[in-house]
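Chain by chain, the residues run as shown.
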Amino acid sequence: MRTVLMALALCTMTGCQPQPQQVSEPTAKEPSDMRTTVPLVRHFDPSGTEAIELDFDVAAQVNDPAPPVFIGIRIKGKDSDDAWSAYRRLRAADISAEVHLYRLQESRQVAVALERVQDKSRSEVEFITLAPDGLVSGLTPADADVSTMKAAGLVAPGVEYLELKFAGAANAPAGRYKAVVRLGQNSQMLFDTNSELLIAYSHKGK
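Residues numbered from 1 in each chain as written. Predicted model: local features only at pLDDT ≥ 70, side-chain atom pairs only at ≥ 80, totals over all residues. Heavy atoms only, no water.

A. Geometry of the overall build of the protein. For the protein, the helix and strand inventory stands at 4 helices and 12 strands. The burial tally for the protein puts 36% of its 206 residues in the buried class. For the protein, the computed accessible surface area is about 12,900 Å², with 52% contributed by carbon and sulfur atoms. (Helix = DSSP H or I, 4+ residues; strand = E, 2+ residues; numbered from the N terminus. Buried < 20%, exposed > 50% of the residue type's maximum accessible area, 1.4 Å probe, protein only. Areas by Shrake-Rupley, 256 points an atom, 1.4 Å probe, with all protein chains shown as cover.)

Have a look at this one:
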């Protein structure tokens, strides 16, 4: 203590100024489960019974100020066979969920219309707007935009990825959004296959 007081007295007499402590810049990237901009992933909590609520940003894409966005799951496999095996099991499981998407504007939230895919025949599908309750029965094929997934650091080498979706929005103007997902029947299969909740841009063919 005596040494500290002497140092302070000397500093006062010589007119020196306290120097701010230098803080090193973080070297690690943002953890994938902390991202709040599309695309983003979250791990499902097997013990969770409440709805999953996520606030996030949608950014305008190249030549598309209102890109298509979907809410679904991502499957990770150690190889192609592993990923496709889980994919087929989840497709057949008839997993249900209540899914809602809101655009956050000032102090209010505005519901965004979501669509799901339904088989019309062996070679045709149709898009059906979700009812106000947001109920979806079954997961359908999805194709996330790979370039934005890679740019976000969500693609690891040596891992096979496949996507399925509950529902999506054909147009999501850049801005702030909230997704609410409440899992329903047969959701245990998501935990068994180590799947992740995924909100991503849909791949658009050239």
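B. Here's a closer look at the pairing of strand S11 (residues 175-183). Taken together, the 7 bridges between strand S2 (residues 52-58) and S11 define a ladder with antiparallel strand orientation. Counted as the bridge partner of valine 58 is glycine 175 from S11. (Pairing = 2+ DSSP bridges.)

C. Seen up close, the nonpolar core. In this structure, Phe56, Ile73 and Ile199 are the most contacted members of the largest nonpolar core, which totals 36 residues. Listed by contribution, the elements that provide at least two residues to this core are S2, strand S3 (69-77), helix H2 (80-92), strand S4 (96-105), strand S10 (160-169), S11 and strand S12 (196-201). With 5 residues, the single largest contributor to this core is S10. Not counting residues within four places of it along the chain, the set of residues in contact with phenylalanine 56 comprises Thr36, Val38, Leu40, Leu101, Gly175, Arg176, Tyr177, Lys178, Ala179 and Ile199. (Core = buried A, V, L, I, M, F, W, Y, C linked by side-chain atoms within 4.5 Å. Contact = heavy atoms within 4.5 Å.)

D. Representation of the environment of valine 159 in the model. Assignment of secondary structure puts valine 159 in the loop between helix H3 (146-151) and S10. Leave out the neighbours within four places in its chain, and valine 159 touches Lys76 and Gly77.

E. The arrangement of the side chain of arginine 74 in detail. Structurally, arginine 74 is set in strand S3. The exposure class of arginine 74 is buried, given its relative accessible area of 4%. Here arginine 74 is in contact with Val41, Met149, Leu154, Tyr161, Leu162, Ser195, Glu196 and Leu198, once residues within four sequence places are set aside.

F. Spatial organisation of the environment of alanine 59. With respect to the helices and strands, alanine 59 occurs in the loop between S2 and S3. Given a relative accessible area of 33%, alanine 59 falls into the partly exposed group. When the C-alpha atoms of alanine 59 and tyrosine 201 are compared, they prove to be 9.9 Å apart, with 142 residues separating the residues in sequence. Apart from residues no more than four positions distant in its own chain, alanine 59 is found in contact with Pro67, Ala174 and Tyr201.

G. Here's a closer look at the environment of phenylalanine 70. Inspection of the secondary structure puts phenylalanine 70 in strand S3. For the pair phenylalanine 70 and valine 38, spaced 32 residues apart in sequence, the C-alpha to C-alpha distance is 10.0 Å.

H. Layout of H2. The terminal C-alpha atoms of H2 lie 18 Å apart, and with 13 residues this matches the ideal 18 Å at 1.5 Å per residue to within 8%. In this structure, the buried residues of H2 make contact with S3, strand S9 (140-142), S10 and helix H4 (188-192). Among the residues of H2, the N-terminal cap falls to aspartate 79, whose side-chain oxygen and the backbone nitrogen of aspartate 81 are separated by 3.2 Å. Positive phi appears at aspartate 94, one or two residues downstream of H2, with a value of about 55°. (Expected span 1.5 Å × (residues − 1). Polar contact = N/O pair within 3.5 Å; in protein donor to acceptor, adjacent residues only side chain to side chain.)

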